[in-house]
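# Summary of the model geometry
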Amino acid sequence: MSKSQVKQKEAAGEAEAQRPIVNDFTLVVATVNGSGSQTSNLALVRAFFRMGIPVCGKNLFPSNIQGLPTWYTIRVNAKGYTANKLKADLLVAMNMATFRDDLQDLKQGGVCFYDDRLAEPADRPDVIFYPIPLRDLVNEADPPKQLREYVANMAYVGVLTEILQIDNEEIRSALDTHFGGRETSVALNMKMIDLAASWARDNLPKRDPYRVERMPRDEEHLLVDGNTAAALGAIYGGVTVASWYPITPASSLAETLEYYLPHLRSDPETGKATYAVVQAEDELAAIGMAVGAGWVGARAMTSTSGPGISLMSEFAGLAFIAEIPIVIWDVQRMGPSTGLPTRTSQGDVLILRFLSHGDTRHTLLIPAAPHECFEFGWRAFDLAERFQTPVFVLSDLDLGMNQWVSKPFQYPDVDMDRGKVLSAEDLEKLGDFGRYRDIDGDGIAPRTLPGTDHPLAAFFTRGTGHDERAIYSEKAQDWDANIERLWRKLENVRDALPAPVVQRMDHADVGIIAFGSTDPAILEAREYLSDEGLATDYLRIRAIPFSETVEDFIQEHEVVYVVEMNTDGQMHQLLQLEWPALATKLVSLTKNNGVPLDADWTFEAVRSAEEQRHER
């Protein structure tokens, strides 16, 4: 290349660098866990949301209490893409220990805002650096001594507000929400933000192309995490007993119940609670309490993560064979064993499907967004009571704890379904009652609730072998009859579950199956694949057992890629087990490193697999 060509290329590059990039970037804030940066990061996310810009905020944090590195990723995208990105466009570097490594995750030509006490590296000449005089700004703001570290984080909010042209009033509004309207707290933080913004205006000429612009906002949309949505769904579904034991990343679900239930479910006349939330001594006790409450007619639930699921195994089997309705939320994290407590995964698919001893087959609901967490929060109770069985809801850390723009929550559009519960009048008309007797052939035996005022109402529920009157039995014919009835009942579950979501493109002979929080990455990757000339159809599984729609989808396509965040392709295995004759059509694509799935990996995985398929 001649010198003139080099100059022309450099000039073209500079022109490209100056072209505004509006509402399209990924920002990573690298700080130290426990330094209070969460308030600053949430203020930014809320401000973008209130400006009408599609946004998602993901927290990648260590499992210790304080001192280790933490990263908060904010993706802003006018098209609505919210999946994780491997390379950031902008970096806020506030952690000396990770500064150099964080820079390596910044894309070519990216932008770095950094505490000016850190030495600017010389090995990234492509990066635009903006130093922030953090100590000087904090001294000038002069916050109370005990709050200096927390308020200091607002300095980068102020600089970003100026450089990216974020609406200052939306930042103030976001802080007002965060501090519950406490003006003193808002003013303290806004003082630092305004100081930093003013300093940036005077000292940092803008050299990067990134900025934001207000977009039309759907006022009905929400900014919310999946655990909050799940708790609200459970409340609207009539939860009366929730027993739990703290575990990341599920704890905030129960904590949200504790926050909202006093406001929404206290008796209006007496003020007394019409519910019970019990923090048990461990997960064994938590599910045990839920099983007992479900037996006596409460809408009972518990919430946990993978290690808690392991401990709940025996009680889950008891509830399955004794036919006691309960709801169990599993907010997945990395395993095995106690795994990585603060990293996301989809590795509990197989254990939940067959949890406990013998031939258990559990019913699973799998939400992919907060509005589905809300819906499945109430629908799970209806399904558990109609079919008298445990219902598991399979979420994960990414969906449960991170911030998502959500469709509005829909109030339950059907009456509460308590299933086949016999009253005293019903028993009087029947004249006879057997707890596990199938009257109408659908496998679901009517139940009575303890306290029903009729001599026939009483029964012992049993986890051991029993006949249709719940009397202990080791007779082979009684065991066979009971299991055959249970399997008949569970077959009927299929048609009552949420149907899969299918999205098609013209002339697609390639299918993709996925589930849960990988949905945004799949949707974005399909756009990239389409741009490359590869049309794909997409089916998102929302429940197990699978519906016939899943089987039809597999049959319709030459190949179906099953994309999931675990190592062994657990959903892929379940599909092959369900339809062995279709097994060769299914190809497993997995990624399992604790980080939410991204569209770039998904695009490359499908594209490479297609190249290999056509080379064979």
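The notes below deal with the structure included here. (Residues numbered from 1 in each chain as written. Predicted model: local features only at pLDDT ≥ 70, side-chain atom pairs only at ≥ 80, totals over all residues. Heavy atoms only, no water.)

## Focus on the overall build of the protein
Within the protein, the regular secondary structure consists of 22 helices and 22 strands. By the compact-globule yardstick of 25 Å for 616 residues, the protein fits well, its C-alpha radius of gyration being 27 Å. A burial count over the protein gives 55% of its 616 residues as buried. On the protein, roughly 26,500 Å² of surface is accessible, and the fraction owed to carbon and sulfur atoms is 50%. Charged side chains of the protein number 59 positive and 90 negative; the gap between the two group centres comes to 3 Å. (Helix = DSSP H or I, 4+ residues; strand = E, 2+ residues; numbered from the N terminus. Rg over C-alpha atoms; globule rule 2.2 N^0.38 Å. Buried < 20%, exposed > 50% of the residue type's maximum accessible area, 1.4 Å probe, protein only. Areas by Shrake-Rupley, 256 points an atom, 1.4 Å probe, with all protein chains shown as cover. Lys, Arg positive; Asp, Glu negative; His and termini not counted. Charge placed at Lys NZ, Arg CZ, Asp CG, Glu CD.)

## Here's the deal with the sheet that holds strand β10 (residues 241-244)
A sheet is described by the order of its strands in space; here 7 strands give the open sequence β11-β10-β12-β13-β15-β14-β20, paired in mixed fashion. Since the sheet does not close on itself, it has two edges, and those belong to β11 (276-279) and β20 (543-544), each with one partner. In terms of strand pairing, strand β14 (residues 363-365) meets β20 through 2 bridges, oriented antiparallel. The residue of β20 that forms the bridge with Leu 365 is Ala 543. The sheet strands contacting helix α15 (residues 370-387) are β12 (300-304), β13 (326-332), β14 and β15 (390-396), and the helix crosses β13 at an angle near 145 degrees. (Pairing = 2+ DSSP bridges. Contact = heavy atoms within 4.5 Å. Axes fitted to C-alpha atoms, helices over the stretch in contact; angles between N-to-C directions.)

## Here's the deal with the sheet that holds strand β2 (residues 24-32)
One key point about sheets: their strands pair by backbone hydrogen bonds, in either a parallel or an antiparallel sense. Spatial strand order, β7-β6-β5-β2-β4-β3-β16-β9: 8 strands in an open sheet with mixed pairing. The strands lining the two open edges of the sheet, one partner per strand, are β7 (128-132) and β9 (222-224). Pairs of neighbouring strands in the sheet enclose a mean axial angle of 20 degrees, with direction left out of account. The strands touched by helix α6 (residues 154-164) within the sheet are β2, β5 (88-93), β6 (106-115) and β7, with β7 carrying the most contacts at an inclination of about 135 degrees.

## Observations regarding the nonpolar core
Grouped together as the largest cluster of nonpolar side chains are 53 residues, with contacts concentrated most on Leu 44, Phe 48, Phe 113 and Ile 166. Examining the composition of this core, we find that 8 residues originate from one element, α6, more than from any other. Filtering out sequence-adjacent residues up to four positions away, Phe 48 remains in contact with Phe 25, Ile 53, Val 55, Ile 74, Val 76, Ile 166 and Val 212. The next biggest cluster of nonpolar side chains, apart from the first, holds 44 residues, and it includes Leu 364, Val 550, Val 560 and Leu 575. (Core = buried A, V, L, I, M, F, W, Y, C linked by side-chain atoms within 4.5 Å.)

## A look at the packing of aromatic side chains
A complete count under the given rule lists 13 aromatic pairs for this structure. Measuring from centroid to centroid gives 5.0 Å for Phe 113 and Tyr 130, while their planes differ by 25 degrees, and the two rings are stacked. With Phe 113 in strand β6 and Tyr 130 in strand β7, the pair connects residues that are 17 residues apart, well separated along the chain. Taken as a pair, Phe 113 and Tyr 130 share a single burial class, namely buried. (Phe/Tyr/Trp six-rings, centres within 6.5 Å; stacked < 30°, edge-to-face > 60°.)

## A word on the environment of Ala 481
Note on placement: Ala 481 falls in helix α18 (residues 476-493). Residue class for Ala 481 comes out partly exposed when judged on its relative accessible area of 44%. Spatially, the C-alpha atom of Ala 481 lies 9.9 Å from that of His 466, the residues being 15 residues apart in sequence.

## What about the pairing of strand β22 (residues 586-590)?
The two faces of the sheet receive side chains in turn, since in a regular strand these alternate between them. Note that strand β21 (residues 559-564) and β22 share 5 bridges and pair parallel. Looking across to β22, one finds that Val 563 is bridged to Leu 589. For the crossover from β21 across helix α21 (residues 570-578) to β22, the handedness is right-handed. (Right-handed = clockwise from strand over helix to strand, strands pointing away.)

## Observations concerning the side chain of Arg 526
Counting through the fold element by element, Arg 526 comes out in helix α19 (residues 519-531). Although Arg 526 is buried, it forms no salt bridge, and the closest oppositely charged side chain is Asp 537 at an N-O distance of 4.8 Å. A distance of 2.6 Å separates a polar side-chain atom of Arg 526 from the backbone oxygen of Thr 536. The contact partners of Arg 526, leaving out residues within four places of it in the chain, are Gln 503, Arg 504, Met 505, Ile 512, Thr 536, Asp 537 and Tyr 538. (Salt bridge = Lys/Arg side-chain N within 4 Å of Asp/Glu carboxyl O. Polar contact = N/O pair within 3.5 Å; in protein donor to acceptor, adjacent residues only side chain to side chain.)

## Some remarks on empty space enclosed by the protein
Tallying each qualifying case throughout the model produces 2 cavities of 30 Å³ or more. The volume enclosed by the largest cavity comes to roughly 50 Å³. Lining the largest cavity are Gly 294, Trp 295, Ala 322, Glu 323, Ile 324, Pro 325, Arg 435, Arg 447, Thr 448, Phe 459 and Thr 461. Its residues assigned to classes, the lining of the largest cavity comprises 5 nonpolar, 3 polar and 3 charged. In terms of lining, the second largest cavity is formed by Gln 332, Gln 346, Ile 366, Pro 367, Leu 394, Ser 395, Asp 396, Phe 515, Gly 516 and Ser 517. For the lining of the second largest cavity, the element with the highest residue contribution is β15, accounting for 3 residues. Split into classes, the residues belonging to the lining of the second largest cavity amount to 4 nonpolar, 5 polar and 1 charged. (1 Å grid on protein atoms, 1.4 Å probe; cavity = no way out; pocket = protein on both sides within 12 Å on 5 of 7 lines; lining within 4 Å. Points joined across faces, edges and corners; volume = space filled by probe spheres on them. Nonpolar A, V, L, I, M, F, W, Y, C, P; charged D, E, K, R; others polar.)

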